[in-house]
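Architecture and fold: a report
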Amino acid sequence: KNEVEQSPQNLTAQEGEFITINCSYSVGISALHWLQQHPGGGIVSLFMLSSGKKKHGRLIATINIQEKHSSLHITASHPRDSAVYICAPRKAGNQFYFGTGTSLTVIP
Amino acid sequence: GAGVSQTPSNKVTEKGKYVELRCDPISGHTALYWYRQSLGQGPEFLIYFQGTGAADDSGLPNDRFFAVRPEGSVSTLKIQRTERGDSAVYLCASSPDVSDTQYFGPGTRLTVL
């Protein structure tokens, strides 16, 4: 079993839809990254959070450390949001490990 | 300001050869991470540095892989006797400190023929 599970693996949405991507992990962590990877490979860090909720523009990330679960929400989705979204929890010792990602396609 | 840069962007080599991959982190960032990403997979942790020292190298797959950061800035990932299975995108990231957000470089695509 992977230590990090993301769902769904693939997601297609119409422009304007509200999107949720989920991440569950199996070990104790101190923080968690949400990353965005566009075709061609560039990775951008969207959030790093260790509790509660963070918001940046149309993006919202939440985490429940006790339940070992985090979610990334995108409001009013747009075609430029099309990318792979990767959840990366940080274990003790500052080592990050990564989910395989959720591939999002937003159709105009 | 300048982000994390990696050179070369692409490297093609033959099985058994030695390669060096370079990472220039954002100036002033003390933490530097190396990851490897195979096609269709998420990144896989290799090693991270805090300053000049390797704080955690538990992700290096075997002793053919080695990384240095002699002056606490630029880092080089070295792979000896390359194998076809080493083909991947090698990503570098830096952060102001280990507890901070990481900034990723564009990666080096290594192909071992």
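For the structure, check the block above.
The notes below deal with the structure included here. (Residues numbered from 1 in each chain as written. Chains lettered and ligands numbered in written order. Predicted model: local features only at pLDDT ≥ 70, side-chain atom pairs only at ≥ 80, totals over all residues. Heavy atoms only, no water.)

**Focus on the sheet that holds strand β3 (residues 19–25) of chain A**
Residues and elements named next belong to chain A. With antiparallel pairing, the 5 strands of this open sheet are ordered in space as β1-β3-β8-β7-β6. Among the strands making up the open sheet, the edge pair consists of β1 (4–7) and β6 (52–56). Taking the axes of each pair of neighbouring strands and ignoring which way they run, one obtains an average angle of 15 degrees across the sheet. (Pairing = 2+ DSSP bridges. Helix = DSSP H or I, 4+ residues; strand = E, 2+ residues; numbered from the N terminus. Axes fitted to C-alpha atoms, helices over the stretch in contact; angles between N-to-C directions.)

**Some remarks on the interface of chain B and chain A**
Taken together, the 18 residues of chain B in the interface contact 15 residues of chain A. Each partner contributes to the roughly 1400 Å² buried at the junction of chain B and chain A, and carbon and sulfur atoms together form 54% of this total. Here chain B is connected to chain A by 0 salt bridges. Counting across the interface, chain B meets chain A through 2 residue pairs in polar contact (both at pLDDT 80 or more). Broken down by secondary-structure element, the contributors of at least two residues to the side of chain B that touches chain A are β4 (31–37) and β5 (44–50) of chain B. (Contact = heavy atoms within 4.5 Å. Buried area = accessible area lost by both parts, 1.4 Å probe. Salt bridge = Lys/Arg side-chain N within 4 Å of Asp/Glu carboxyl O. Polar contact = N/O pair within 3.5 Å; in protein donor to acceptor, adjacent residues only side chain to side chain.)

**Some thoughts on the nonpolar core**
Within the largest apolar cluster, 22 residues are counted, with the highest numbers of intra-cluster contacts made by L32 and W34 of chain A. Ranked by size, the runner-up nonpolar core spans 20 residues in total, among them V4, L21, F65 and A88 of chain B. (Core = buried A, V, L, I, M, F, W, Y, C linked by side-chain atoms within 4.5 Å. Buried < 20%, exposed > 50% of the residue type's maximum accessible area, 1.4 Å probe, protein only.)

**Some words on the state of the cysteines**
All names here are of chain B. One pass over the full model with this rule turns up 2 disulfides over all chains. Between C23 and C92 runs a disulfide, and the two sulfur atoms are separated by 1.8 Å. Every disulfide takes its handedness from the sign of the S-S torsion; for C23 and C92 that torsion is -65 degrees, giving left-handed. Here the residue C23 occupies a position in strand β3 (residues 19–24), and C92 occupies one in strand β9 (residues 88–95), the gap between them amounting to 69 residues. (Disulfide = S-S within 2.5 Å.)

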